[in-house]
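A look at the structure
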Amino acid sequence: MGGARTVLVLTDPYDTTADYVVEELNQRGHPVFRCNPGNFPARLSLAARLGGGWTGSLRLPERSVALDDIGCAYYRRPSAFELPDHLNDEERRWARREASRGLGGVLATLPRWLNHPADMAHAEYKPVQLALAEAVGLSVPPTLITNDPDEARSFVVEVGSAVYKPLAGGTIAEEGVHKLTYANRIAAADIDDSVRGTAHLFQAWAPKAYEVRLTVVDHQCFAVRIDGDSEAAHLDWRTDYPNLRYAVTDVPEPVRLAVFRLLDRLRLRFGALDFVVGPDGSWMFLEINPNGQWAWLQDATGLPIAAAIADALMKDEA
Amino acid sequence: MTTDLLIPTRANEPDPLFDPAAVLPLGRPFLHDVSPDSTPSRNRPFGLRYAVVPPHPITVDLSRVRYDAERQVCVDPSGTPVFGRHTDGQTSTQTSDGHKSMDSDTDHRED
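Residues numbered from 1 in each chain as written. Chains lettered and ligands numbered in written order. Predicted model: local features only at pLDDT ≥ 70, side-chain atom pairs only at ≥ 80, totals over all residues.

Observations regarding the overall build of chain B
Scanning chain B from terminus to terminus reveals zero helices and six strands. Reading chain B from its N terminus to its C terminus gives the helix and strand order β-β-β-β-β-β. Residues counted as buried form 27% of the 111 residues belonging to chain B. (Helix = DSSP H or I, 4+ residues; strand = E, 2+ residues; numbered from the N terminus. Buried ≥ 20, exposed ≤ 12 C-beta atoms within 10 Å, placed from the backbone.)

Digging into the packing of helix 1 (residues 16-27) of chain A against helix 9 (residues 305-314) of chain A
For any two helices packed against each other, one specifies the crossing angle of their axes together with the interaxial distance. All names here are of chain A. Between helix 1 and helix 9, the shortest axis-to-axis distance is 9 Å and the interhelical angle comes to 65°. Helix 1 and helix 9 meet at a crossing whose hand is right-handed. Along its contact with helix 1, which presents Y20, V21, E24 and L25, the element helix 9 presents A306, A307, I309 and A310. Class assignment for the residues of the contact of helix 1 with helix 9 results in seven nonpolar, no polar and one charged. (Axes fitted to C-alpha atoms, helices over the stretch in contact; angles between N-to-C directions. Left-handed = near helix turned anticlockwise from the far one by under 90°. Contact = placed C-beta atoms within 7 Å. Nonpolar A, V, L, I, M, F, W, Y, C, P; charged D, E, K, R; others polar.)

Observations regarding the sheet that holds strand 5 (residues 64-66) of chain A
Residues and elements named next belong to chain A. With antiparallel pairing, the three strands of this open sheet are ordered in space as 3-4-5. The open sheet has two free edges, formed respectively by strand 3 (45-50) and strand 5, since each of these has just one partner strand. With strand direction ignored, the average angle separating the axes of adjacent strands in the sheet is 10°. One ladder, built from six bridges, connects strand 3 with strand 4 (residues 54-59); its direction is antiparallel. Pairing of L46 across the sheet is with L58, part of strand 4. (Pairing = 2+ DSSP bridges.)

Things to note about the confidence of the model for chain B
All names here are of chain B. Of the residues in chain B, 37% have a pLDDT of 70 or more, and the chain-wide mean is 63. Below a pLDDT of 50 lies the segment residues 86-110, which in the model reaches 92 contacts outside its immediate sequence neighbourhood of four places, other chains included. Interface confidence for the predicted complex, expressed as ipTM, amounts to 0.86; the pTM equals 0.87. (pLDDT = per-residue confidence, 0-100.)

What follows is the structure in structure tokens.
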């Protein structure tokens, strides 16, 4: 061998954020093998033999890659496994688990990732990231996680102004549409016994001049100031993209160093972090998305995030 | 004499708190159909009262976008990459048979 090692991109075919990185690698002439693990076993096949590690290949009808030729794996947004229609639900569940442990298990042995999915899965826990953010010196709003309505009511009264945020997010499909849950300001009077229904996260409302989405790739910072021109955007910018303004901004040194400590503690090479910047200029950590979106910010500001990710994927060692 | 082999049904269920699949969580749903008959229950958890249809989803018509297996990116009918058409994390994907689905920045998250 001796040539450049292939970048493995694991994602859905319609993930256009991954397209930015693949095209960047294409332009550099760097080998890429993009596949959707969800295409296993229909289009994607695996043959791996143990002997000094796992050797073998991943194959699509149009290309293949040797496992030991993979340099770094880029985990984006794989879809669910496609299993044959003739299977019943139990057979499907069994086959899905076998596929996950077989294909997933072999891929888990790859030495270099951006980011390793296990690290992302750990970092997705908001209680984990909030506690670590506080531990590394970032300012974090007072936060309560509870299924006790009395505790929730007391917290809201105590902090004066509060928001409810989902812990996991994602969509809920009902009545023929998908719905998302955003941050919502709440009053003590809003809280009732339905809080007992599951875990809920309540957080003090952080006074806001504007927000910052900070994308970090191997300790390289890309900070974008986000100003919301509507009430909805001011509350949660995700609810009103058409009414946002973007500008490249700087990160205060203490915040930058604390962010690096947070990423290191979470074993993440990539992270998309959200901050509120108060009227006094203070930065308040809201969350880190270990697999967050970034391409629309590159479009809006020209920040070379795809190039930074391509650089990270091409590095010889993590 | 025979000994019954008891297989507890829980053996097939993931751990409720720490699912081993999270070690390499392949197979997260990305494009999945909306169940038309799912209706809100009367006593749903507090947080679900704030679930709303995203106000500004960017629609991508999959009948006019295809995956170029050679270039390994999405392209339009002329073969031009479709960068930037749905990258802000709340894509509504309109497939050719009319099903809708969505991705979120917090899907892991979207995120």
